[in-house]
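Notes for the structure review
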Amino acid sequence: MRIDVVTIFPEYLAALDLSLIGKARRDGLLDLRVRDLREHATDRHRTVDDTPYGGGAGMVMKPEPWGAALSAVSASAAPSGRRPLLIVPSPAGAVFDQAMARELAEREHLVFACGRYEGIDERVLEWAAEDFEVRPVSLGDYVLNGGEVAVLAMVEAVGRLVPGVVGNPESLVEESHSDGLLEYPVYTKPASWQGREVPEVLLGGNHGKVARFRRNEQLRRTAARRPDLILALDPSTLNRHDRDT
Ligand SMILES: N#Cc1c(-c2ccc3ccn(Cc4ccncc4)c3c2)n[nH]c1N
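Residues numbered from 1 in each chain as written. Predicted model: local features only at pLDDT ≥ 70, side-chain atom pairs only at ≥ 80, totals over all residues. Heavy atoms only, no water.

With respect to the domain arrangement of the protein chain
Reports often express the size of an interface as the amount of accessible area lost when the parts come together. Definition in use: Note that domain bounds follow an automatic or database assignment of domains.
Domain boundaries in the protein chain define domain 1 (2-169) and domain 2 (177-244). A C-alpha centroid distance of 36 Å is found between domain 1 and domain 2.

Structure, rendered in C-alpha cells:
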C-alpha cells in the first residue's frame, strides 16, 4: 500500500517512523511519503493561507499550493488501477470507524490532505475529484486544530490491517470492534497483585469455559460502556458463541 500525506507540519508525522508502522515502512509493506505543502507554494514567503471570502475569523488554506501538491501526487501515482482515495480530515466529515479502516486497508493508494487554520478552500476538493476519489473524514465529534492527529490515527488503524504488518494476525480477530463488541479484559502474571486475583476461570485451562467467560465479559462491557453498539449488533452475534462451545 502506498500512502501520501500532505501537511505544513511534516514533523508531526514523525511518529509514523516508529513501532509497527515504522517497521512496515522499512519492510516495504507500506510506502508512506510525507510531503511539505509549503514546497508547493510559489511566493517567496511560501504562503499557504489567506483571509476568508465573506469575512469571519481565522485564515483559509489557499487553493494553489494544494493544487500543485496534489498534482505532484497524482503524477507519481501508478497509472493503472483505481483512482487514489483522497482522505481529507475534517470536523465536517464522515466519522472514521473500524469498518472504514477495513475498507481503506483494501485500497492500493491512500492520500491524506492535512488542513490547518479554518480549513482548505472548498474548490480544492471539487477540483481533486477529477483525479481522486475524495472523502472528507472526521476522527470524531470534537474539534482539533488540524488534520495531522487524525492522519496519525487513521494511518495506524489502517496500516495495522495490512497483511504482514502485525506479526500475529490472530491478534486482530478478538479486539474491540472486530465483531461489533468491545474486547474482553486481559490479565497476566502475577496471579495475585495488590490483593486482587485473576478470575479463576482463566487459570483452569478449560478453553470452553474461558471462551464463555470472555464472551460474557465482552457483552457486559459493551452494554455498560457502549449500549449503542449493542443496538447495532447483528442478532446472530449475540447467540454466536453459545453455539460454538
Ligand atoms: N479529522 C478531523 C477533525 C478535525 C479537524 C480536521 C482538519 C482540520 C483543518 C483545520 N482544522 C481546524 C478547524 C477547522 C474548522 N472548524 C474547526 C476547527 C481541522 C480540524 N477537528 N475535529 C476532528 N475530528
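Quick notes on the site of the ligand
Formally: Throughout, near means a residue has at least one heavy atom within 4 Å of the molecule or strand. Distance and chemistry together define a polar contact, namely a pair of N or O atoms within 3.5 Å, with one atom able to donate a hydrogen and the other to accept it when in protein, and with adjacent residues in sequence counting only for side-chain atoms on both sides. For the accessible areas, the method is Shrake-Rupley and the probe is 1.4 Å, while residue cover comes only from the protein chains on display. Grid points spaced at 1 Å over the protein atoms alone were grouped into cavities, where a 1.4 Å probe fits but cannot get out, and pockets, open sets with protein on both sides within 12 Å along at least five of seven lines, with lining residues defined by an atom within 4 Å of a point. Whether a molecule sits in a cavity or pocket is decided by its atoms, more than half of which must lie within 2 Å of the grid points. Each helix is a run of DSSP H or I of at least 4 residues and each strand a run of E of at least 2, with the numbering of both proceeding from the N terminus. Residues are grouped as follows: Ala, Val, Leu, Ile, Met, Phe, Trp, Tyr, Cys and Pro are nonpolar; Asp, Glu, Lys and Arg are charged; every other residue, Gly included, is polar.
Neighbouring the ligand are 18 residues, the closest being S138, L139, G140, Y142 and L144. In this structure, a nitrogen atom belonging to the ligand sits 3.4 Å away from a main-chain N or O atom of S90. Here a nitrogen atom of the ligand and a backbone polar atom of V137 are 3.4 Å apart. Alone, the ligand offers 510 Å² of accessible surface; in the complex the protein occludes 87% of this. When each cavity is represented as a set of grid points, the ligand is found to reside in the largest pocket. If one sorts the elements of the shell around the ligand by residue count, strand β5 (residues 85-95) sits on top with three residues. The residue makeup of the shell around the ligand, split by class, is nine nonpolar, seven polar and two charged.

Some words on helix α2 (residues 63-75)
Selection criterion: Working rule for helices: expected span equals 1.5 Å times residues minus one. Relative accessibility decides the category of a residue: with a 1.4 Å probe and only protein chains considered, values under 20% of the type maximum give buried, values over 50% give exposed, and everything between is partly exposed. Here, two residues are considered to be in contact whenever any of their heavy atoms come within 4.5 Å of each other.
With 13 residues, α2 ought to run about 18 Å at 1.5 Å a step, and its terminal C-alpha atoms sit 18 Å apart, in line with that. Of all the residues in α2, the buried ones are P65, W66, G67, A69, L70 and V73. Residues of α2 that are buried make contact with β1 (2-7), β2 (31-36), β4 (60-61), β5, β6 (109-113) and α4 (122-128).

Here's the deal with unusual backbone geometry
At the junction of K189 and P190, the peptide bond is cis and its omega measures out at 10° in the coordinates. Within the chain, S19 stands out as a residue other than glycine whose phi angle is a positive 50°. Residue position: S19 is located in helix α1 (residues 19-26). Of note in this structure, Q194 is not a glycine but carries a positive phi near 55°. You can see Q194 is positioned in the loop between β8 (192-193) and β9 (196-197).

Notes on α1
Our working rule: When we speak of the arc, we mean the arc of directions from the helix axis to the C-beta atoms.
Those residues of α1 that sit buried are I21, G22 and A24. Seen end-on, α1 carries its buried residues on one side only, within an arc spanning 160°. Facing away from the buried side of α1 by more than 90 degrees, the exposed set consists of S19 and R26. Turning to α1, the residues buried within the fold contact α5 (148-159). Once α1 ends, the next one or two residues include G28, with phi positive near 80°.

Describing the pattern of salt bridges
Stated formally: Here a salt bridge means any side-chain nitrogen of Lys or Arg lying within 4 Å of a carboxyl oxygen belonging to Asp or Glu.
Across all of its chains, the model carries 15 salt bridges by this definition. Between E133 and R107 there is a salt bridge, with the nearest N and O atoms lying 2.9 Å from each other. Here E133, found in strand β7 (residues 133-138), pairs with R107, found in the loop between α3 (98-104) and β6; they are 26 residues apart in sequence, far enough to count as distant. Taken together, the salt bridges that share partners define one network made up of R82, E103, R107, E133 and R135.

A word on the sheet that holds β5
Test applied: When DSSP locates at least two bridges between a pair of strands, those strands are taken to pair. Axis definition: a line fitted to C-alpha atoms, over the contacting stretch in the case of helices. Angles run 0 to 180 degrees between N-to-C directions.
Within the open sheet, the five strands sit side by side as β2-β1-β6-β5-β7. Their pairing is parallel. Across the chains shown, the open sheet's two edge strands, defined by having one partner strand only, are β2 and β7. Strand-to-strand twist of the sheet, defined as the mean angle between neighbouring strand axes without regard to direction, takes the value 25°. By the bridge criterion, six bridges tie β1 to β2 in an arrangement that is parallel. When the bridges of β2 are listed, I3 appears paired with L32.

Examining the nonpolar core
Spelled out, the test is: In these notes, a set of buried Ala, Val, Leu, Ile, Met, Phe, Trp, Tyr and Cys residues joined through side-chain atoms within 4.5 Å is what counts as a nonpolar core.
Ranked by size, the top nonpolar core spans 29 residues in total, and within it I3, F96, L104, L110, F112, V155 and V158 carry the most contacts. At the level of elements, β1, α1, β5, α3, β6 and α5 are the ones that each hand at least two residues to this core. Per element, the largest residue contribution to this core is seven residues, and it comes from α5. Leave out the neighbours within four places in its chain, and V155 touches I3, L16, I21, L32, F112 and R160.

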